[in-house]
Structures are given as C-alpha cells and as structure tokens.
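# Geometric and topological summary
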Protein chains: 2
Amino acid sequence: MDYKAINLKEKFSKFSDHWFPRVVAEVNGYQFKVAKLKDDFVWHDHKDTDEVFLVVHRSMSIEFGDETVDLNEGEMFVVPKGVKHKPFAQEECHGLFLEPRGVVNTGESGGELKAENNVWI
Amino acid sequence: MDYKAINLKEKFSKFSDHWFPRVVAEVNGYQFKVAKLKDDFVWHDHKDTDEVFLVVHRSMSIEFGDETVDLNEGEMFVVPKGVKHKPFAQEECHGLFLEPRGVVNTGESGGELKAENNVWI
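Residues numbered from 1 in each chain as written. Chains lettered and ligands numbered in written order. Predicted model: local features only at pLDDT ≥ 70, side-chain atom pairs only at ≥ 80, totals over all residues. Heavy atoms only, no water.

All right, on to the overall build of chain A then. Across its full length, chain A carries one helix and eight strands. In sequence order, chain A lays out its α and β elements as β-α-β-β-β-β-β-β-β. Radius of gyration (C-alpha) of chain A: 14 Å, near the 14 Å computed for a compact globule of 121 residues. Its C-alpha atoms give chain A principal-axis dimensions of about 45 × 30 × 25 Å. Looking at chain A alone, contacts between residues at least 24 apart form 65% of all its contacts between residues at least 6 apart. (Helix = DSSP H or I, 4+ residues; strand = E, 2+ residues; numbered from the N terminus. Rg over C-alpha atoms; globule rule 2.2 N^0.38 Å. Contact = heavy atoms within 4.5 Å.)

Now for the pattern of salt bridges. Residue and element names in this part refer to chain B. According to the stated counting rule, one finds 17 salt bridges over all chains in the structure shown. The salt bridge involving Lys33 is made with Glu99; its shortest N-O contact spans 2.9 Å. With Lys33 in strand β3 (residues 30–40) and Glu99 in strand β8 (residues 86–100), this pair connects stretches of sequence that are 66 residues apart. The same class applies to Lys33 as to Glu99, namely buried. (Salt bridge = Lys/Arg side-chain N within 4 Å of Asp/Glu carboxyl O. Buried < 20%, exposed > 50% of the residue type's maximum accessible area, 1.4 Å probe, protein only.)

Averaged over all residues, the pLDDT of chain A is 95; the fraction at 70 or higher stands at 100%. Per the prediction output, this complex has pTM 0.95; the corresponding ipTM is 0.94. (pLDDT = per-residue confidence, 0-100.)

Each partner contributes to the interface: chain A provides 35 residues, whereas chain B provides 35 residues. The contact between chain A and chain B buries some 2800 Å² in all, and 70% of this surface belongs to carbon and sulfur atoms. On the chain A side of the contact with chain B, Tyr3, Asn28 and Met76 of chain A bury the most area, a combined 23% of that side's loss. Across the chain A-chain B interface, the total number found is zero salt bridges. Our count for the chain A to chain B interface comes out at 12 residue pairs in polar contact (both at pLDDT 80 or more). Relative to strand β1 (residues 6–7) of chain B, strand β7 (residues 75–79) of chain A is paired through two bridges, and the arrangement is antiparallel. (Buried area = accessible area lost by both parts, 1.4 Å probe. Polar contact = N/O pair within 3.5 Å; in protein donor to acceptor, adjacent residues only side chain to side chain. Pairing = 2+ DSSP bridges.)

Overlaying chain A with chain B gives an RMSD of 0.0 Å, the required rotation being 180° about an axis along which the chain moves by 0.0 Å. On this basis, the relationship between the two copies can be described by a two-fold rotation axis. Here 100% of the contact residues of chain A are again contact residues in chain B; the copies associate through an equivalent surface. (Least-squares fit on C-alpha atoms with pLDDT ≥ 70 in both.)

Excluding glycine, a negative phi dihedral is what most residues carry, and trans is how most peptide bonds are arranged. A positive phi angle is found at Asp39 of chain A, which is not glycine, with a value near 65°. Among the structural elements, Asp39 of chain A can be located in strand β3 (residues 30–40). A positive phi angle is found at Arg58 of chain B, which is not glycine, with a value near 65°. Tracing the backbone through its elements, the reader meets Arg58 of chain B in the loop between β4 (51–57) and β5 (59–64).

Moving on: the nonpolar core. Here is a general trend for soluble globular proteins: nonpolar side chains tend to be buried in one another's company. Counting 34 residues, the largest nonpolar core has Val24, Phe32 and Met76 of chain A together with Val24, Phe32 and Met76 of chain B as the members making the most contacts within it. Not counting residues up to four positions away in its chain, the partners in contact with Phe32 of chain A are Arg22, Val23, Val24, Ala25, Val27, Leu96, Phe97 and Leu98 of chain A together with Phe32, Val52, Met76 and Leu98 of chain B. (Core = buried A, V, L, I, M, F, W, Y, C linked by side-chain atoms within 4.5 Å.)

What follows is about the pairing of β8 of chain B. Residue and element names in this part refer to chain B. Most of β8 is tucked away: 11 of the 15 residues are buried. As judged from the five bridges shared by β4 and β8, these two strands associate in the antiparallel manner. Residue pairing across strands places His57 opposite His94, the latter belonging to β8. Sheet topology note: the β5/β8 ladder contains three bridges and is antiparallel. Bridging from a neighbouring strand, Ser61 pairs with Phe88 of β8.

Printed below as a string of structure tokens:
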C-alpha cells in the first residue's frame, strides 16, 4: 500500500494533450481519470455505464441534443448510461472522471480522439 | 433526467454538522457524498469496499497505525478495503467521498458518529 496523496494539480502538470484520460486512482473496479479538454469531443454514449464529470479547473459544457449543461470549477455531473452527449470546452479545462475500468473514452463512436485505455499517470 | 450541474460549494453551504456524509450523486451503484470533517473520527474499516477521499476545501489526515497521510485541497486517497483508518481534521475540512451505495460511515465500529445512510442533499 502506497501512503502517498494523489495530487491532481501535479497529475495535470505531467501532460498537455487534450481528451486523453489518464488513470490516477482505482477504487474497486472503478477508475478516476484526469484529462485536459479543449474544443469539441465526439458525440458518443456508454451503453453499460454512467459517467461522472467533475471540473477541477476552468469550465466545460456537455451537450445533449436540445439541452446543454455548463460545468464550472467545483461542479459535477453524471451522464446516465446510454445517453448521447458531446463534451465541449472553449478554453482548456481540467476534468476528473469516474468510470468502470475498461471504458473507452469515445464509447462506440471511435474516431481520432479514441484514446488508449488504462494508461496510468 | 435532470440537466443541472451539481455544485459542491452550494451543497456544503446547506449543512453544518461534522462527519455526516450526504449523497450528491449516484453513478451506477456508487454514491458521491459530501461531508464536513473536524477533529477525530473513529477507527474503522470497510470489509467489502475501497473508499475514496477527495479534499475540496482545507485539509485532513488519515491515520493508519504507524503511517499518516495528509491530504490538502485537490488531493485524493483511496483507502483499500479492510484497512483500518481514522480520519482527522484539525480545522473544518470539506471532503468528497465515493463508496458503493449502502456503506455505513463508521464501518462496523458504530458509535455516536454513525450516520444515517443514503441521505441526499
């Protein structure tokens, strides 16, 4: 057991790419991931799991067809499983995510923003 | 589906007691809970689940027998299942927690700090 605190700012300082979620902690079969977000992600859903967004720095939005949820620092949102959504950030945003181990960032949509899975930082 | 961001600061503004975890979001069978921490909690463990601590405001410590982990704002820690620990906060700290639905705050230790479960805020 590693008795070291996980410092989110330090984790964010270690990479600069966008939309690539990196694992910082695992709790039971779930993974906390950090990612920097900028501009548009792809429309996608996750058929088998809800997904948590927690904004650590700046702000982002999640589009759902007719509705848009704006998330500022210290705000979170749960996207229910099977619900199509498109994350978006005007300025680079730092986000913390929670998903079961193995979830692919783009769901089944794929594309060039599909990231390698289970990459720890 | 409720398209409203969950604002942690607003949640913390709604109560003043210590060590009483209130649910703010559910993701699959897991619950995010907020609590204000001050002074000593009880030594306890959770036999069946890991437990996540994420410090939102100020700082706290988690004691583990010979080791102590200090957590400041923006830092998190996962206490593995079955590991005895005692949270502590010198000044009132605001924490975000993640546990499976139904987990009791004091584990099997009970006592006067045992809180009612599944209370949403």
